[in-house]
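Each chain is listed here by its residues.
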Amino acid sequence: MDPASRPAFQGPQPFGRYELLVEMGFGGMATLYLARMSGPSNFEKLLAIKKIHEQLVADPQMVEMFLDEARISARIQHPNVVQMFEFDEVEGAHYMAMEYVHGHDFAALLNAAQENPESAYHWGHAARVVADAAAGLHAAHELCGADGTHLNLVHRDVSPQN
């Protein structure tokens, strides 16, 4: 679905045990939301919910791809890779609940550095981000299955906004 032709997010809205607060991104397979999990005694935690697009839930191949992503994400333990907490479904909508990392994406950092070379964001910051991203990708590339077999993973969506 073309992002321009879909209805605007009308949040906040309940989603299972979470509350979807803000739409943060839209991709080919899923939409990413900032969400809140609440509990007793005013407990709250912000996290990211990646929810498969409604029109894809009827396609077993797409659901399996989403499930594969969840399985792999749950196995990667690295400081430069967001932690995956949960994979489940609410009313047929599969989702991943993931660590929320507050901040700007790399595309915003690059734009700020280009627009104002004297800004707080400079190329040294960009180099550090690239090095940290490479370390996280290395963790994914070196991931092994439960039996110790190398999984030969390749991240297919490395981009400044991701």
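Preceding this section is the structure that the text describes.
A few points on the structure. Model, not experiment: these values are computed from the prediction. (Residues numbered from 1 in each chain as written. Predicted model: local features only at pLDDT ≥ 70, side-chain atom pairs only at ≥ 80, totals over all residues. Heavy atoms only, no water.)

### Things to note about the environment of A35
Part 1 of the reasoning: Tracing the backbone through its elements, the reader meets A35 in strand β3 (residues 30-39).
Part 2 of the reasoning: Among the residues examined, A35 registers a relative accessible area of 0% and is labelled buried.
Part 3 of the reasoning: In this structure, the C-alpha to C-alpha distance between A35 and L20, residues 15 residues apart in sequence, is 4.4 Å.
Part 4 of the reasoning: Excluding its chain neighbours within four sequence positions, the residues that come into contact with A35 are Y18, E19, L20, L21, K45, L46, L47 and I49. (Helix = DSSP H or I, 4+ residues; strand = E, 2+ residues; numbered from the N terminus. Buried < 20%, exposed > 50% of the residue type's maximum accessible area, 1.4 Å probe, protein only. Contact = heavy atoms within 4.5 Å.)

### What to know about the sheet that holds strand β2 (residues 18-26)
Part 1 of the reasoning: Taking strand neighbours across the sheet as the criterion, the 6 strands line up as β1-β2-β3-β4-β6-β5 in an open arrangement whose pairing is antiparallel. The outermost strands of the open sheet, each flanked by one partner alone, are β1 (13-15) and β5 (84-90). On average, adjacent strands in this sheet sit at an angle of 40 degrees to one another, irrespective of strand direction. (Pairing = 2+ DSSP bridges. Axes fitted to C-alpha atoms, helices over the stretch in contact; angles between N-to-C directions.)

### Concerning the environment of R36
Part 1 of the reasoning: By secondary structure assignment, the location of R36 is in strand β3.
Part 2 of the reasoning: Judged by relative accessible area, which is 22%, R36 ranks as partly exposed.
Part 3 of the reasoning: Between the alpha carbons of R36 and M96 there is a distance of 13 Å; along the sequence they are 60 residues apart.
Part 4 of the reasoning: If near-sequence neighbours (up to four positions away) are discounted, R36 is found in contact with R17, Y18, E19, L21, E44, K45 and L46.
Part 5 of the reasoning: Here the side chain of R36 touches E19 through a polar contact of 2.7 Å, side chain to side chain. (Polar contact = N/O pair within 3.5 Å; in protein donor to acceptor, adjacent residues only side chain to side chain.)

### A look at unusual backbone geometry
The phi torsion of most residues other than glycine is negative, and most of the peptide bonds are trans.
Part 1 of the reasoning: Located in the positive-phi region is S41, a residue other than glycine, with phi close to 55 degrees.
Part 2 of the reasoning: Relative to the helices and strands, S41 resides in the loop between β3 and β4 (43-52).
Part 3 of the reasoning: Positive phi, close to 50 degrees, is recorded for E91, a residue that is not glycine.
Part 4 of the reasoning: Looking at E91, the relative accessible area reads 83%, which means it is exposed.

Structural measurements only, silent on function.
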